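Letter by letter, the chains look like this.
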Number of protein chains: 2
Amino acid sequence: MSKLNCPPLSDITILDLTHVLAGPYCSMILSDLGAKVIKVEQPDIGDDTRHFPPFRDGHSAYFATINRDKQSIALNLKDDTDRAVFERLLAQVDVVMENYRPGVMERLGYGWDTLSARHPHLIYGAVSGFGHTGPDALKPAYDMVAQARGGVMSITGEKNREPVRVGASVGDIVAGMFLGHGLLAALYQREKTGKGQKVDVAMLDSQLAIIEHAIAITGETGVPPEPSGARHPSIAPFETYHTADGLMVIACGNDVLFRKLCQVIGKPHWATRPEFENNLARCENVQLLRRRIETVTLGHPRAHWLEILTAEGIPCTPIQNVAEAMQDPQILARNMVKHLPAPDGGKPFVAAGNPIKMSSVDDTRTPGAAPLLDGDRDAILDWLAEQER
Amino acid sequence: MSKLNCPPLSDITILDLTHVLAGPYCSMILSDLGAKVIKVEQPDIGDDTRHFPPFRDGHSAYFATINRDKQSIALNLKDDTDRAVFERLLAQVDVVMENYRPGVMERLGYGWDTLSARHPHLIYGAVSGFGHTGPDALKPAYDMVAQARGGVMSITGEKNREPVRVGASVGDIVAGMFLGHGLLAALYQREKTGKGQKVDVAMLDSQLAIIEHAIAITGETGVPPEPSGARHPSIAPFETYHTADGLMVIACGNDVLFRKLCQVIGKPHWATRPEFENNLARCENVQLLRRRIETVTLGHPRAHWLEILTAEGIPCTPIQNVAEAMQDPQILARNMVKHLPAPDGGKPFVAAGNPIKMSSVDDTRTPGAAPLLDGDRDAILDWLAEQER
């Protein structure tokens, strides 16, 4: 049974000057929620990620997944003819978003003050490495610069080894998601005021915003936390454990779950021992606790433990690689793996689905292909003429 | 000069049944954007995180930061008197949000179908481990279970070592942020339709949604990526490098930046060598490239390299621990470190600020304290009576 599809942003058009990841990820989310996204790209070159591997038949799979369902027009914002088209577009859209370094839009004559005076309804979103204010506003950044400077790398990895990058590009993605919140809140507010506003999100700020636990600890103790490998820094048992045939995660967030775990693994008396009696004691004795648990878990294969722990409601899981996650029955049941049409009609590109399941959005829908560079020029100009009529 | 403060969600009230992190992080963002958040807690016990370290004078610093500016009322949803209060609240709020396992709200008589029939304007937000549909909907989860099952752990850490957890709780936080998008989009849509809707977000889905790069690679090659330590898996140079006195990150996302880097470190001829001439070649020879770069960077201290690379616009940074990040002049200039009042008037708790900088929100404002358990009962009942008048 197909669900009615009337997505929340179906009356919204976004003029998207962003490239690489933070901005395009944000406009991907808004597109998944129904917005029409017009991607403005540099002539000939286009979005940098068009040149990121892996490629198939000259098309970047990376570009294809993030830019699904968007339209593309190539415009040189230093050329008068193209500027005229861009300005006509500005007059018709709800949101303009960019991820240039601060000042670039001003030099082009499209700074927020100018645009806002001309188009009071326009919402302006900017995502940059360090934001539009502060002493380092003009410095360049990439995902890993934000992860490293913002403290996330310092708490990721193994103690006494060099810090590692978070495998997911959270420096970009989380910034794109904060921008998404800002743009949606601005759209809501515009319904009341009729006026747009500027949203300014920095990748660096966004990293600090996701380490709430480390900040609370540092604020109280003055001592920044170290990386804690595969365990949660202040809950136990809450980490990876070896079984007869591989690692698994067991996560007991409270005493009730720990008591259940002790029962299930045949060691009910552990739960009342002073060294394990509550979370604080377990954290203090976390290495002893791990060794004790592993003396048991090493005795059977992982499948055995997953089955009996799950039956008792104890949170646990294998550590899946990305291929395994993409075939996970729960992931598939949630429409989280999408096969996007290739621009040339070839084998589809695989991408993650939309994790925001809403009554108004038909989640079974397959998004449209990512655009060829300048591939929607005619359609966009037609739409523009229609809007201007 | 203080800015006008008219935050976008100042007319919105959220009835928040969530606890621990994913849900409360979402309502924290919405509260930072102006929403009134009424936190409904279990009598006597309250939110689990009230019992998470570090503590000061009996108050959890962790709870204090995530629940700033919210109000608290303790209600037992199995008690008739408390249910009556809860039902009066439901009739007056815009959003109700919960992070129980699927089915719990239905058993309480507050499932989405029931609530929607009674209060068509109500928006319902749910965040859970695996979502409200699919074969594993009822399984329990915590942050690390989502990180492990969703593939994020498999790409984080060092090759040939055991996987590590992402130091930030991205299993919870990213799910909370997708819920935030859904709720904001639902608020926008309600302005057009007058009707609420349900938003259902799973932690597991949310993990898959942030590994776009790994999915593109796996989809094309069939081979899931391994963890790549401190480097980006498909850009070079883009990792940590040793200097005379410590590690730093250098990130060159394109050929222009690489050529600049070669100039600045006195090796302009590297840029034209076949093994380094473009990103693909550099990725294939990434270990050679690292050794070459380090023969140079090891010759001077980090401060030297930061200065001369920054002067040429090459993205680079030290790897800051959380204490260093919290004192970073750029972070401070962006109001990203807030000192929240303690509930007993003692020394403030330190928390990250709001990374969403909007024209309508006064970013210099200090949020209010987190509530004591049931600490706002009278104020909430007074507000309720006023709404009902």
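Residues numbered from 1 in each chain as written. Chains lettered and ligands numbered in written order. Predicted model: local features only at pLDDT ≥ 70, side-chain atom pairs only at ≥ 80, totals over all residues. Heavy atoms only, no water.

Per an unreviewed UniProt entry, the recorded name for chain A is Acetyl-CoA:oxalate CoA-transferase, and the organism is Aliiroseovarius pelagivivens.

Caption draft 1: Seen up close, the overall build of chain A. The number of helices and strands found in chain A is 16 helices and 14 strands. With the C-alpha coordinates of chain A rotated into their principal frame, the extents come out at 80 × 50 × 40 Å. Looking at chain A as a whole, 62% of its 389 residues are labelled buried. Across chain A, the fraction of contacts at a sequence separation of at least 24, relative to all contacts at a separation of at least 6, is 69%. Looking at chain A as shown, the accessible area adds up to about 14000 Å², and 50% of this sits on carbon and sulfur atoms. In chain A, 39 side chains carry a positive charge and 48 a negative one; their mean positions are 4 Å apart. (Helix = DSSP H or I, 4+ residues; strand = E, 2+ residues; numbered from the N terminus. Buried < 20%, exposed > 50% of the residue type's maximum accessible area, 1.4 Å probe, protein only. Contact = heavy atoms within 4.5 Å. Areas by Shrake-Rupley, 256 points an atom, 1.4 Å probe, with all protein chains shown as cover. Lys, Arg positive; Asp, Glu negative; His and termini not counted. Charge placed at Lys NZ, Arg CZ, Asp CG, Glu CD.)

Caption draft 2: Geometry of the relation of the copies chain A and chain B. Each copy of the sequence occupies a distinct position, and chain A is placed on chain B by a rotation of 180° and an axial shift of 0.0 Å, giving an RMSD of 0.0 Å. Viewed as a symmetry operation, the transformation between the two copies matches a two-fold axis. Distance from the rotation axis, computed per C-alpha, reaches its smallest value in chain A at tyrosine 188 of chain A: 2.5 Å. By residue overlap, the copies meet face to face through one surface: 100% of the interface positions of chain A are interface positions in chain B. (Least-squares fit on C-alpha atoms with pLDDT ≥ 70 in both.)

Caption draft 3: Summary view of the pairing of strand β1 (residues 13-16) of chain B. Residues and elements named next belong to chain B. Burial along β1 is two-sided: the residues Thr13 and Leu15 and Ile14 and Asp16 are all buried. Strand direction decides the pairing type here: β1 and strand β2 (residues 36-41), joined by four bridges, are parallel. Considered in β2, the bridge of leucine 15 is made with isoleucine 38. Between the parallel pair β1 and β2, the chain is carried across by helix α1 (residues 22-32), and the sense of this crossover is right-handed. Two strands pair when backbone bridges link them, and β1 and strand β6 (residues 95-98) are joined in this way by three bridges, in the parallel orientation. In the strand pairing of β6, leucine 15 is matched with valine 96. (Pairing = 2+ DSSP bridges. Right-handed = clockwise from strand over helix to strand, strands pointing away.)

Caption draft 4: Just helix α10 (residues 255-264) of chain A, in detail. All names here are of chain A. Among the residues making up α10, those that are buried are Leu257, Phe258, Leu261 and Cys262. The buried residues of α10 all sit within an arc of 140° when viewed along its axis, so they share a single face. Where the residues of α10 are buried, they touch β10 (246-251), α11 (279-284), α12 (286-297) and α13 (302-311). The N-cap of α10, judged by a side-chain oxygen 3.2 Å from the amide nitrogen of valine 256 a few residues on, is asparagine 254. Among the residues trailing α10, glycine 266 stands out with phi positive, at a value near 80°. (Arc of directions from axis to C-beta. Polar contact = N/O pair within 3.5 Å; in protein donor to acceptor, adjacent residues only side chain to side chain.)

Caption draft 5: Geometry of the nonpolar core. If you look at the biggest cluster of nonpolar residues, it comprises 192 residues, and the most contacted ones within it are Tyr25 and Ile211 of chain A together with Tyr25 and Ile211 of chain B. Residues Leu17, Val85, Trp112 and Ala126 of chain A belong to the second largest nonpolar core, which totals 25 residues. (Core = buried A, V, L, I, M, F, W, Y, C linked by side-chain atoms within 4.5 Å.)

Caption draft 6: Layout of the interface of chain A and chain B. Each side of the interface is counted separately: chain A has 144 residues, and chain B has 144 residues. Interface area for chain A against chain B, summed over the two sides, is near 11900 Å², with a carbon-plus-sulfur share of 66%. Where chain A meets chain B, there are 14 salt bridges. For arginine 334 of chain A, the salt bridge is made with aspartate 205 of chain B, and the minimal N-O distance between the two is 2.9 Å. One can count 54 residue pairs in polar contact (both at pLDDT 80 or more) joining chain A with chain B. Here the side of chain A that touches chain B takes 16 residues from helix α7 (residues 170-193) of chain A, the largest share from any one element. (Buried area = accessible area lost by both parts, 1.4 Å probe. Salt bridge = Lys/Arg side-chain N within 4 Å of Asp/Glu carboxyl O.)

Caption draft 7: View of the packing of helix α3 (residues 80-92) of chain A against helix α16 (residues 377-388) of chain A. Residue and element names in this part refer to chain A. Closest axis-to-axis distance for the α3/α16 pair is 10 Å, and the angle between their directions is 55°. With respect to each other, α3 and α16 are oriented oblique. Classified by chirality, the crossing of α16 by α3 is left-handed. Residues Val85, Arg88, Leu89 and Gln92 of α3 form the contact with α16, whose own contacting residues are Ile380, Leu381, Trp383, Leu384, Ala385, Gln387 and Glu388. Taken together, the residues that form the contact of α3 with α16 break down as seven nonpolar, two polar and two charged. (Axes fitted to C-alpha atoms, helices over the stretch in contact; angles between N-to-C directions. Parallel < 35°, antiparallel > 145°, perpendicular 65-115°, else oblique. Left-handed = near helix turned anticlockwise from the far one by under 90°. Nonpolar A, V, L, I, M, F, W, Y, C, P; charged D, E, K, R; others polar.)

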